[in-house]
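Report on the structure
Letter by letter, the chains look like this.
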Amino acid sequence: KAGVTQTPRYLIKTRGQQVTLSCSPISGHRSVSWYQQTPGQGLQFLFEYFSETQRNKGNFPGRFSGRQFSNSRSEMNVSTLELGDSALYLCASGRDSYTEAFFGQGTRLTVV
Amino acid sequence: SQELEQSPQSLIVQEGKNLTINCTSSKTLYGLYWYKQKYGEGLIFLMMLQKGGEEKSHEKITAKLDEKKQQSSLHITASQPSHAGIYLCGAYNYGQNFVFGPGTRLSVLP
């Protein structure tokens, strides 16, 4: 079956712009989580959505937001981009929390 | 908050050698996940351990969660170049956020 799909794979934005990243989970999975990975901070949890509701949120500013649609697809939005937002953004899907979670290939965002 | 530490930070082994990576938690673990990542790519799910003393194996990789549930080890037998990558442990903390360890970078020399 198809894995977790993230689009786009690469993105270059300018400071101050906003960006929307997309994640299509594995069919049947209702939990989608987002992570930011940087060389300095490693992998950090952004938020988790389950059945269109945000269930958990990491320690990130309000510029980072997300949503989940009825088909479980999820989007993540970052507004007023900063240079420090340059990172690999990964999403993972699972049937629920505390179950196996499968990751997409990630979206590499570069802010210039 | 719960923190995960991994050791060693990096590892270089000769092909065919066995190796062990450790993941230590500052609090009791309620589920420990092991992932492998190739540089700049997504994470590949390896194993999930939930019960103290639980041990799982997949091909040449074995992971175990200790009885006190604060440490897990990942053991690779007869390493191959295909095992090279970054190994990450992860777990849910008490706030139900997911945290990752810093990773162990493994290089396997042919």
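Just above, that's the structure.
A brief report on the enclosed structure follows. (Residues numbered from 1 in each chain as written. Chains lettered and ligands numbered in written order. Predicted model: local features only at pLDDT ≥ 70, side-chain atom pairs only at ≥ 80, totals over all residues. Heavy atoms only, no water.)

1. Some thoughts on the state of the cysteines
When the sulfur atoms of two cysteines share a covalent bond, that bond is a disulfide. We count it as follows: Pairs of cysteine sulfur atoms within 2.5 Å are identified as disulfides in what follows. In DSSP terms, a helix is any run of H or I states spanning at least four residues, a strand is any run of E spanning at least two, and both are numbered starting from the N terminus. Each residue's exposure class comes from its accessible area (1.4 Å probe, protein chains only) as a fraction of the maximum for that residue type: buried when under 20%, exposed when over 50%, partly exposed otherwise.
Taken as a whole and assessed by the stated rule, the structure comprises two disulfides over all chains. Covalent S-S linkage joins Cys 23 of chain A and Cys 91 of chain A, the inter-sulfur distance amounting to 1.8 Å. The S-S bond linking Cys 23 of chain A to Cys 91 of chain A shows a torsion near 65°; that makes this disulfide right-handed. Separated by 68 residues along the polypeptide, Cys 23 of chain A in strand S3 (residues 19-24) and Cys 91 of chain A in strand S9 (residues 87-94) bring together distant segments of the chain. This pair shows no difference in class: Cys 23 of chain A is buried, exactly as Cys 91 of chain A is. Residue Cys 23 of chain B pairs covalently with Cys 89 of chain B via a disulfide, S to S 2.1 Å. Across the disulfide from Cys 23 of chain B to Cys 89 of chain B, rotation about the S-S bond amounts to roughly 75°, and the bridge is consequently right-handed. Placement of the pair is Cys 23 of chain B in strand S3 (residues 19-25) and Cys 89 of chain B in strand S9 (residues 85-92), with a sequence separation of 66 residues.

2. Here's the deal with the nonpolar core
Taken as a class, soluble globular proteins show a tendency for nonpolar side chains to be buried jointly. In plain terms, the rule: Nonpolar cores were defined as sets of buried Ala, Val, Leu, Ile, Met, Phe, Trp, Tyr and Cys residues, with membership established by side-chain atoms within 4.5 Å. Residues count as neighbours in contact if any of their non-hydrogen atoms are within 4.5 Å of one another.
By size, the foremost hydrophobic cluster in this structure holds 23 residues, and its most contacted members are Leu 4, Leu 19, Leu 32, Trp 34, Leu 74, Tyr 87 and Leu 106 of chain B. Taken together, the elements giving at least two residues each to this core come down to strand S2 (10-14), S3, strand S4 (32-37), strand S5 (43-49), strand S7 (61-65), strand S8 (71-76), S9 and strand S11 (104-109) of chain B. In this structure, Leu 4 of chain B is in contact with Cys 23, Thr 24, Ser 25, Leu 29, Cys 89, Gly 90, Ala 91, Val 99, Phe 100, Gly 101 and Pro 102 of chain B, ignoring residues within four places of it in sequence. Judged by nonpolar contacts, the second largest core, of 21 residues, contains Phe 60, Ala 87, Cys 91 and Val 111 of chain A.

3. Description of unusual backbone geometry
In this structure, Pro 8 of chain A follows Thr 7 of chain A across a cis peptide bond, with omega equal to -10°. Looking at the element boundaries, Pro 8 of chain A is found in the loop between strand S1 (5-7) and strand S2 (10-13). Omega for the peptide link from Ser 7 of chain B to Pro 8 of chain B comes to -5°, which places this bond in the cis form. Here Pro 8 of chain B lies in the loop between strand S1 (4-7) and S2. One non-glycine residue, Ser 51 of chain A, adopts positive backbone phi at about 45°. For Ser 51 of chain A, a relative accessible area of 34% puts it in the partly exposed group. Backbone geometry places Glu 52 of chain A, a non-glycine residue, at a positive phi of 75°. As for its position among the elements, Glu 52 of chain A is in the loop between strand S5 (42-50) and strand S6 (53-57).

Just distances and angles here, no functional claims.
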